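# Remarks on the overall topology
The primary structure of each chain is shown beneath.
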Amino acid sequence: MSRRTSRRQFLRTAAVGAASAALFVQRSAFGVRQYAARGTQHANKPNVVFVFADQWRAQAAGYAGNKDVTTPHLDALAAQSVNFSNAVSGCPVCSPYRASLMTGQYWLTHGIFYNDKPLDPDAATIGKAYHQTAYIGKWHIDGHGRSSFIPKERRQGFEFWRVCECTHDYNHSLYYADTPEQLYWSGYDAIAQTREAQNYIRVHAGKSPFALFMSWGPPHDPYQTAPEQYRRMYADPSAITVHPNVPESLREKARQAMAGYYAHIAALDDCLGDILK
């Protein structure tokens, strides 16, 4: 843009598309209640597909200037999207951020300012604002145990449900649907979750507007658990750049960790490409 735009101007004029999910979440603190009754005013709503990962740094992408990591699908999306380069989390911890994402509120308003604290089931959330809603992946705002079943009344309005409160066992990854039966994603969970999301989009395309949230656990540690084909891409950690402030004594260890971290990111980038097909 050739001129700076105020937040108020942006909220009035932002287009549907890459900005729509972020826009709605920002507005939801004061706008979600008017849509709380399902099926009302839904004709003018866009479909929302909100995909996010756990601890994926803004700098760890090709379009952001990182020459070590391979993210062609994200790079292509960034080239045709609104990129919120100055957007930051007011409380960059897992549960507080997720509660803010759901409600559009600051952490001192929604009350979640540390991990494993439950979000009020009666909170006004984006899950209660859409006629069709789905959540796939990591939740981490229930606060009743990281492996516990989450009943419908604590799902913040989301209907289609393939969720675990919190796990980082990516190759033996627990989740629940609508019953307390423990289920496990096949293989690397982010890939299986992406397949589930693709199927949801196919089934619901052209019907009532939907909001689909998919929350991947990677690239959060453990770092050496991405599929082998992606770990092979970073088989030589010595080629990875580390920041100058990393002490010499820790550089080899840092490169090993970053190789695994980038392997997770490469896997997620392919998953993103599948969603965009």
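Above this text you will find the structure in question.
Attention here is on the structure that accompanies the text.

## Structural notes on the overall build of the chain
Within the chain one finds 8 helices and 6 strands. When the elements of the chain are put in sequence order from the N terminus, they spell out α-α-β-α-α-α-β-β-β-β-α-β-α-α. In the chain, buried positions account for 44% of the 277 residues. Across the chain, every contact between residues at least 6 apart in sequence was considered, and the portion connecting residues at least 24 apart equals 65%. With an accessible surface of roughly 14600 Å², the chain has 51% of that area assigned to carbon and sulfur atoms.

## Quick look at unusual backbone geometry
Leaving glycine out, the prevailing phi sign among residues is negative, and the prevailing peptide bond configuration is trans. Each neighbour pair has its own omega, and for P218 with P219 the value is 5°, a cis peptide bond. You can see P219 is positioned in strand β6 (residues 210-219). Omega for the bond connecting D221 with P222 falls within 30 degrees of zero, at 15°, which places this linkage in the cis form. Located in the positive-phi region is D116, a residue other than glycine, with phi close to 70°. Assignment of secondary structure puts D116 in the loop between α5 (107-110) and β2 (132-138).

## Regarding the packing of helix α3 (residues 72-79) against helix α8 (residues 251-276)
Interhelical geometry of α3 versus α8 gives an angle of 50° and a closest axis separation of 7 Å. Overall, the two elements α3 and α8 adopt an arrangement that is oblique. Residues P72, H73, L74 and L77 of α3 form the contact with α8, whose own contacting residues are D269, D270, L272, G273 and L276. Looking at the contact of α3 with α8 residue by residue, the classes come out as 5 nonpolar, 2 polar and 2 charged.

## Considering the pattern of salt bridges
Think of it this way: side chains of opposite charge can pair up when their charged atoms draw near. Summed over the entire model, instances satisfying the criterion amount to 8 salt bridges. With a closest N to O distance of 2.9 Å, R155 and D178 form a salt bridge. Residue R155 is located in the loop between β2 and β3 (160-164), and its partner D178 is located in the loop between β4 (174-175) and β5 (183-184); the two are separated by 23 residues in the primary sequence. Residue D274 is joined to K277 by a salt bridge in which the shortest nitrogen-to-oxygen separation is 3.1 Å. Since its relative accessible area comes to 15%, D274 is described here as buried. Through salt bridges that share partners, D54, R98 and K138 make up one connected network.

## Let's talk about the sheet that holds strand β1 (residues 48-54)
In sheet architecture, strand pairing relies on hydrogen bonds along the backbone and comes in two forms, parallel and antiparallel. Strand order in this open sheet of 4 strands is β1-β6-β2-β3, and the pairing throughout is parallel. In this open sheet, the two strands that pair with only one neighbour each are β1 and β3. Ignoring strand direction, the axes of neighbouring strands in this sheet form an average angle of 10°. By the bridge criterion, 6 bridges tie β2 to β6 in an arrangement that is parallel. Of the residues in β6, the one forming a bridge with T133 is A211. Along the sheet, helix α4 (residues 94-103) contacts β1, β2 and β6; its crossing angle with β1, the most-contacted strand, is approximately 170°. Across the sheet, α8 is in contact with β1 and β6; its angle to β6 comes to roughly 160°.

## Observations regarding the nonpolar core
Within the largest apolar cluster, 33 residues are counted, with the highest numbers of intra-cluster contacts made by L212, W216, Y234 and Y262. Elements with a minimum of two residues in this core: β2, α6 (189-204), β6 and α8. Here this core takes 11 residues from α8, the largest share from any one element. Setting aside residues up to four positions removed in sequence, Y262 forms contacts with A60, N66, D68, V69, Y234 and I240. The next biggest cluster of nonpolar side chains, apart from the first, holds 21 residues, and it includes V48, I112, W161 and F213.

## Considerations on the packing of aromatic side chains
Scanning the model with the defined rule gives 20 aromatic pairs in all. Relative to Y114, the ring of F113 has its centre 5.3 Å away and its plane inclined at 85°; by these criteria the two rings are edge-to-face. Since its relative accessible area comes to 44%, F113 is described here as partly exposed. Taking relative accessible area as the criterion, Y114 reaches 42% and is therefore assigned partly exposed. Ring centres of Y170 and Y188 lie 6.3 Å apart, and the angle between their planes is 70°; this geometry places the pair in the edge-to-face category. Of this pair, Y170 sits in the loop between β3 and β4 while Y188 sits in the loop between β5 and α6, and the two are 18 residues apart along the sequence.

Reading the values: rules and limits
Residues numbered from 1 in each chain as written. Predicted model: local features only at pLDDT ≥ 70, side-chain atom pairs only at ≥ 80, totals over all residues. Heavy atoms only, no water. Helix = DSSP H or I, 4+ residues; strand = E, 2+ residues; numbered from the N terminus. Buried < 20%, exposed > 50% of the residue type's maximum accessible area, 1.4 Å probe, protein only. Contact = heavy atoms within 4.5 Å. Areas by Shrake-Rupley, 256 points an atom, 1.4 Å probe, with all protein chains shown as cover. Axes fitted to C-alpha atoms, helices over the stretch in contact; angles between N-to-C directions. Parallel < 35°, antiparallel > 145°, perpendicular 65-115°, else oblique. Nonpolar A, V, L, I, M, F, W, Y, C, P; charged D, E, K, R; others polar. Salt bridge = Lys/Arg side-chain N within 4 Å of Asp/Glu carboxyl O. Pairing = 2+ DSSP bridges. Core = buried A, V, L, I, M, F, W, Y, C linked by side-chain atoms within 4.5 Å. Phe/Tyr/Trp six-rings, centres within 6.5 Å; stacked < 30°, edge-to-face > 60°.

Taken by themselves, the reported measurements are silent on function.
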